[in-house]
Amino acid sequence: MINADELDLTEKLVFINRVAKTVAGGRRMGFTALMVVGDGNGHVGFGHAKAKEVPEAIRKATEIARRSLISVPRKDGSLYYEVIGRQDASRVLLKPASEGTGVIAGSSVRAVMDAAGIQDVLTKCLGSRNPLNLIRATFNGLKSLETPAQVALRRGKSA
């Protein structure tokens, strides 16, 4: 597990949503926050939390994001190979790009790529555009990435 206290993490608020719960006296309003944190050097995490007030929802989501950090294998500021991340009805295509291309992505996926320190990548959102599912699909794709050394080790070959 990655220790968030040792890393200099940047925080990005991706999405805030007002939600309502219907009770006997009317509606109780609340808020959800979706946060992405990363050190720009291959470590990234996300958090989703609810609270009665916006600042509290953001604080809770940030804490969850700091606890859910993953390590992303990178090659020269890009990815090793093309991968598709899936979550419910959302799919995200993550494709390595040549140096100088930049991050070509929608706002949710861009936040994850920037936080992870990936500078050159092409992405395409397929299916649902729900921000939470897009981020989860992006994380599923990033988690499935392996370095060539890891693939060789898994196959019993020499790197």
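Please refer to the structure placed before this passage.
Criteria and thresholds
Residues numbered from 1 in each chain as written. Predicted model: local features only at pLDDT ≥ 70, side-chain atom pairs only at ≥ 80, totals over all residues. Heavy atoms only, no water. Helix = DSSP H or I, 4+ residues; strand = E, 2+ residues; numbered from the N terminus. Buried < 20%, exposed > 50% of the residue type's maximum accessible area, 1.4 Å probe, protein only. Phe/Tyr/Trp six-rings, centres within 6.5 Å; stacked < 30°, edge-to-face > 60°. Salt bridge = Lys/Arg side-chain N within 4 Å of Asp/Glu carboxyl O. Pairing = 2+ DSSP bridges. Core = buried A, V, L, I, M, F, W, Y, C linked by side-chain atoms within 4.5 Å.

### Topic: the overall build of the chain
Logical step 1: Scanning the chain for helices and strands turns up 4 helices and 8 strands.
Logical step 2: Mapped in sequence order, the helices and strands of the chain form the string β-β-β-α-β-β-β-β-α-β-α-α.
Logical step 3: With respect to the principal axes defined by its C-alpha atoms, the chain has extents near 65 × 35 × 35 Å.
Logical step 4: Within the chain, buried positions represent 41% of all 159 residues.

### What about the packing of aromatic side chains?
Logical step 1: Per the stated rule, a full pass over the model turns up 1 aromatic pair.
Logical step 2: Seen from their ring centres, Phe-46 and Phe-139 are 4.9 Å apart, and the 55° between their planes marks the pair as tilted. Within this pair, whereas Phe-46 is found in strand E3 (residues 43–51), its partner Phe-139 is found in helix H3 (residues 131–143), the two being separated by 93 residues in sequence. With respect to class, Phe-46 is no different from Phe-139; both count as buried.

### Considering the environment of Ser-98
Logical step 1: Assignment of secondary structure puts Ser-98 in the loop between strand E6 (90–96) and strand E7 (103–104).
Logical step 2: Relative accessible area serves as the criterion here: at 53%, Ser-98 is assigned to the exposed category.

### With respect to the pattern of salt bridges
Logical step 1: Counted by the stated rule, this structure contains 3 salt bridges.
Logical step 2: Across the pair Arg-66 and Glu-11 runs a salt bridge whose closest N-O atoms are separated by 3.8 Å. Here the residue Arg-66 occupies a position in helix H1 (residues 54–67), and Glu-11 occupies one in strand E1 (residues 10–23), the gap between them amounting to 55 residues.
Logical step 3: For Glu-11, a relative accessible area of 46% puts it in the partly exposed group.
Logical step 4: One salt bridge connects Arg-59 with Glu-56, and the closest N-O pair in it is separated by 2.7 Å. Residue Arg-59 and its partner Glu-56 are located together in helix H1, separated by 3 residues, close to a single helical turn.

### Regarding the pairing of strand E8 (residues 121–127)
For a regular strand, side chains alternate in direction, first toward one face of the sheet and then toward the other.
Logical step 1: Pairing analysis gives 7 bridges linking E6 to E8, with the strands arranged antiparallel. Bridge pairing in E8 places Pro-96 opposite Val-121.
Logical step 2: Relative to E8, E7 is paired through 2 bridges, and the arrangement is parallel. The partner of Val-103 across the bridge, within E8, is Val-121.

### Describing the nonpolar core
Logical step 1: Grouped together as the largest cluster of nonpolar side chains are 28 residues, with contacts concentrated most on Val-36, Val-44, Leu-94, Met-113, Ile-118 and Leu-142.
Logical step 2: When residues of this core are traced back to their parent elements, those giving at least two are strand E2 (26–38), E3, E6, helix H2 (107–116), E8 and H3.
Logical step 3: Among the nonpolar cores identified, the runner-up in size contains 6 residues, and Ala-33, Met-35, Ala-49 and Ala-57 belong to it.

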